[in-house]
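A look at the structure
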Amino acid sequence: MGEVVLHPASDLISDSEVPAIMGQIRPQWQSKGLIERVRRLLPVDPSSACQRLLNAAVQDLREKVQIAGIDIASEVAAAHKLPPINRGDRGAEDIENYSTAKLIDLSYRMGLLSRPEWRKMTRAYDIRRDLEHEDAEYEAGIEDCIYIFRHRFRWPDRSLGRA
């Protein structure tokens with residue numbers, strides 16, 4: 001009892017590029033406890049580690065949309081036939097309730113993600129969605145983890161004037 005059972009692919013993960021990629025995560029995310037928890041979870045349950053990291057990336061996008069401005073988000077949503085975002089105080093609530101897929105599209109349309117970043121984020125979300133909804137049929141492989149780790153938390157904050 002209390003014994004930690006390593007995932008069968010834990011050697012592949014530790015020998016892969018994932019540990020080096022984790023070191024490239026933006027400093028503001030390195031300082032959050034999430035990254036350390038993901039590091040500890042990775043050898044035991046890489047599928048959950050990938051899901052946690054991507055969930056954090058989505059939350060990061062929600063924050064960036066709000067920083068960029070509710071008014072801008074509202075205009076972009078209307079222009080691109082995305083779900084409406086109210087102006088003012090209710091807009092923040094609307095963004096919090098935005099579906100992940102629509103949030104990724106909104107972020108791209110607002111210029112927070114480049115087209116290649118949007119495609120990568122969409123692909124990473126598709127992997128996570130497969131994991132969440134088809135647990136019995138699909139479990140993250142090392143290639144899925146590498147993909148998610150490689151493409152999250154390293155993209156620049158161009159529109160916000162930060163790198």
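Check the entry above for the structure.
Here's what I pulled together on the structure shown here. Please read these numbers as outputs of a predicted model, since none were measured by experiment. (Residues numbered from 1 in each chain as written. Predicted model: local features only at pLDDT ≥ 70, side-chain atom pairs only at ≥ 80, totals over all residues. Heavy atoms only, no water.)

1. Remarks on the overall build of the protein
On a plain count of helices and strands, the protein comes out with 10 helices and 0 strands. Written out in order from the N terminus, the α and β elements of the protein read α-α-α-α-α-α-α-α-α-α. Counting the 163 residues in the protein, one finds 44% classified as buried. Within the protein, contacts between residues separated by at least 24 positions form 64% of all contacts whose residues are at least 6 apart in sequence. Accessible area for the protein stands at about 8,900 Å²; split by element, carbon and sulfur atoms hold 50% of it. (Helix = DSSP H or I, 4+ residues; strand = E, 2+ residues; numbered from the N terminus. Buried < 20%, exposed > 50% of the residue type's maximum accessible area, 1.4 Å probe, protein only. Contact = heavy atoms within 4.5 Å. Areas by Shrake-Rupley, 256 points an atom, 1.4 Å probe, with all protein chains shown as cover.)

2. Quick notes on the packing of aromatic side chains
Applying the stated criterion across every chain yields a total of 1 aromatic pair. Ring centres 5.0 Å apart and planes at 25° place the aromatic pair Tyr108 and Trp118 in the stacked group. Here Tyr108, found in helix H8 (residues 100-109), pairs with Trp118, found in helix H9 (residues 115-133); they are 10 residues apart in sequence, far enough to count as distant. The exposure class of Tyr108 is partly exposed, given its relative accessible area of 22%. (Phe/Tyr/Trp six-rings, centres within 6.5 Å; stacked < 30°, edge-to-face > 60°.)

3. Regarding unusual backbone geometry
The backbone phi angle of Lys81 is positive, close to 55°, even though this residue is not glycine. Secondary-structure assignment places Lys81 in the loop between helix H6 (70-79) and helix H7 (89-97). For Lys81, a relative accessible area of 77% puts it in the exposed group.

4. Some points on the side chain of Ser74
Secondary-structure assignment places Ser74 in helix H6. Once residues within four sequence positions are removed from consideration, Ser74 is found in contact with Ile85 and Arg87.

5. Concerning H6
Among all positions of H6, only Ile70, Ala73, Ser74, Val76 and Ala77 are buried. Positive phi shows up at Lys81, right after H6, with a value of about 55°.

6. Remarks on the nonpolar core
It is characteristic of soluble globular proteins that their nonpolar side chains tend to be buried jointly. Formed by 23 residues in total, the largest nonpolar core has its most connected members in Val65, Ile85, Leu106 and Met121. Among the elements of the structure, helix H5 (46-68), H6, H8 and H9 are those that each provide at least two residues to this core. Take this core: its biggest share by element is 5 residues, from H5. If you look at the next biggest cluster of nonpolar residues, it comprises 8 residues, including Leu41, Ala49, Leu53 and Ala56. (Core = buried A, V, L, I, M, F, W, Y, C linked by side-chain atoms within 4.5 Å.)

7. So, the packing of H5 against H8
Look at H5 against H8: their axes get within 10 Å of each other, and the N-to-C directions meet at 50°. The orientation of H5 with respect to H8, classified from their angle, is oblique. The way H5 lies across H8 gives a crossing that is left-handed. Two secondary-structure elements touch here, H5 through Val58, Leu61, Arg62 and Val65 and H8 through Thr100, Leu103, Ile104, Leu106 and Ser107. A breakdown of the residues in the contact of H5 with H8 according to their chemical character gives 6 nonpolar, 2 polar and 1 charged. (Axes fitted to C-alpha atoms, helices over the stretch in contact; angles between N-to-C directions. Parallel < 35°, antiparallel > 145°, perpendicular 65-115°, else oblique. Left-handed = near helix turned anticlockwise from the far one by under 90°. Nonpolar A, V, L, I, M, F, W, Y, C, P; charged D, E, K, R; others polar.)

8. Comments concerning the packing of H5 against H7
Orientation of H5 relative to H7, taken along the N-to-C sense of each, is 155°, at an axis distance of 10 Å. Between H5 and H7, the interaxial angle falls into the category roughly antiparallel. Where H5 crosses over H7, the handedness of that crossing is right-handed. In contact with Gln59, Arg62, Val65 and Gln66 of H5, H7 contributes Ala92, Ile95 and Glu96. For the contact of H5 with H7, the residue count by class is 3 nonpolar, 2 polar and 2 charged.

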